[in-house]
Every structure is written in structure tokens, then in C-alpha cells.
Amino acid sequence: IWGTRVPNKVKVFAWLYFKDRLCTRVNLHSKHVVDDDHCQRCSASLEDRYHVFFTCTASADLWWKIGLLNTASLSDNEIWNSNVPPGLDASIWPFVLLTILWRLWDARNGEIFRNELSSSRAVISRVCNDFVVWRKRLKADHVNSLNDWRNYLLSCNATAHSS
């Protein structure tokens, strides 16, 4: 986490994510902060870390759109070292992964606290926007790889939109 080139706020978020210390409803319920530990977005399940990022309808749709269907079945170590779509640079996968997780969390918080409607298409677009802003954080030889990832995600959005 700490060696990635994402902004510090995303590194702190990622550390909390991997330590399972994010303020999910399950964690808040165990601390007696909230009365209910079910997801406010879909009401279908307990809102733990796994649900927020992988099985909630909005999150599962994103992973499906970008062609990483097996992500929900992976452990933390496996997701960190996950196989990437063919033709994309796996060496910057941690950067891509943390950006996706960050934007999924932001979308969840936007829906719950700011009444913002969100969709997997919007999350993918925000990830791509972050890539543009954050590309200066990468070494020059990784910028082209990040552009390839961005183009891939944009094509997933276009394909998903037209179907």
C-alpha cells in the first residue's frame, strides 16, 4: 500500500480497507454506533467490507463491466496479485485497484450521506478522471500503461452503455 503512487488519502483508506477498519455498518454496529447493520443501498445483506466492495449490486456491476468477474471470490492477497485483462500492465494493478476501491467507497458515501445517485458507469468515469489527474505521480514508463488502463476502462463503459 505505502509503496503505491496513489495520493496519501487513498493510501490511508487502503490501509483501513485491508485492516477491515472502514466505517461499514457492520463495524459501526459492533461499536453500538448504529442500530442496523444492513446495507442502506440495497438492503439485501449485511454491510461489511466484502459486501460494499464486491457483492452490493453497484459494486458487482462494476466488476462485471470491467471483466473482472472473479474478483469477489478472491482473498485480499489474491486480489492484490490478481490476473489483469490481457494486454494491460500488471505492474500498475495495485494503483488501478486502489483507485477503483477508493471510488467505490466514495460512491457509497455519496449515496448515503449526500443523496447522490451513483452507477458503475459513473464510478468508472471517476476512476478514469483520477488516472488523468494522478498520472504525474507515476514514473514516465508507467504513464503509457496507465493510459492503456484508462482506455480499457473507457471502452468497458462504452460497451456497457451501448448494450
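Cut-offs used in this document
- Residues numbered from 1 in each chain as written.
- Predicted model: local features only at pLDDT ≥ 70, side-chain atom pairs only at ≥ 80, totals over all residues.
- Heavy atoms only, no water.
- Helix = DSSP H or I, 4+ residues; strand = E, 2+ residues; numbered from the N terminus.
- Buried < 20%, exposed > 50% of the residue type's maximum accessible area, 1.4 Å probe, protein only.
- Contact = heavy atoms within 4.5 Å.
- Patch = residues over 30% accessible without salt bridge, like charges linked within 9 Å, V, L, I, M, F, W, Y side chains within 5 Å.
- Areas by Shrake-Rupley, 256 points an atom, 1.4 Å probe, with all protein chains shown as cover.
- Salt bridge = Lys/Arg side-chain N within 4 Å of Asp/Glu carboxyl O.

(A) A look at unusual backbone geometry. Residues other than glycine seldom take positive phi values, yet Asp20 does so here, at roughly 55 degrees. Mapped onto the secondary structure, Asp20 falls in the loop between α1 (8-18) and α2 (25-30). With phi around 55 degrees, Asn115 is a residue other than glycine that occupies positive phi space. Residue placement: Asn115 occurs in the loop between α6 (93-114) and α7 (120-134). Looking at Asn115, the relative accessible area reads 67%, which means it is exposed.

(B) Representation of the environment of Arg150. Residue placement: Arg150 occurs in helix α8 (residues 140-162). On the basis of relative accessible area, Arg150 is assigned to the partly exposed category, the value being 22%. Taking the C-alpha atoms as reference points, Arg150 and Val127, 23 residues apart in sequence, are found 8.2 Å from one another. What Arg150 contacts, discounting residues up to four positions off in sequence, is Cys128, Phe131 and Val132.

(C) Molecular detail of a nonpolar patch on the surface. A cluster of nonpolar side chains, Trp2, Val12 and Trp15, forms an exposed patch at the surface whose accessible area comes to about 330 Å². Mapped onto the secondary structure, Trp15 falls in helix α1. The exposure class of Trp15 is partly exposed, given its relative accessible area of 38%.

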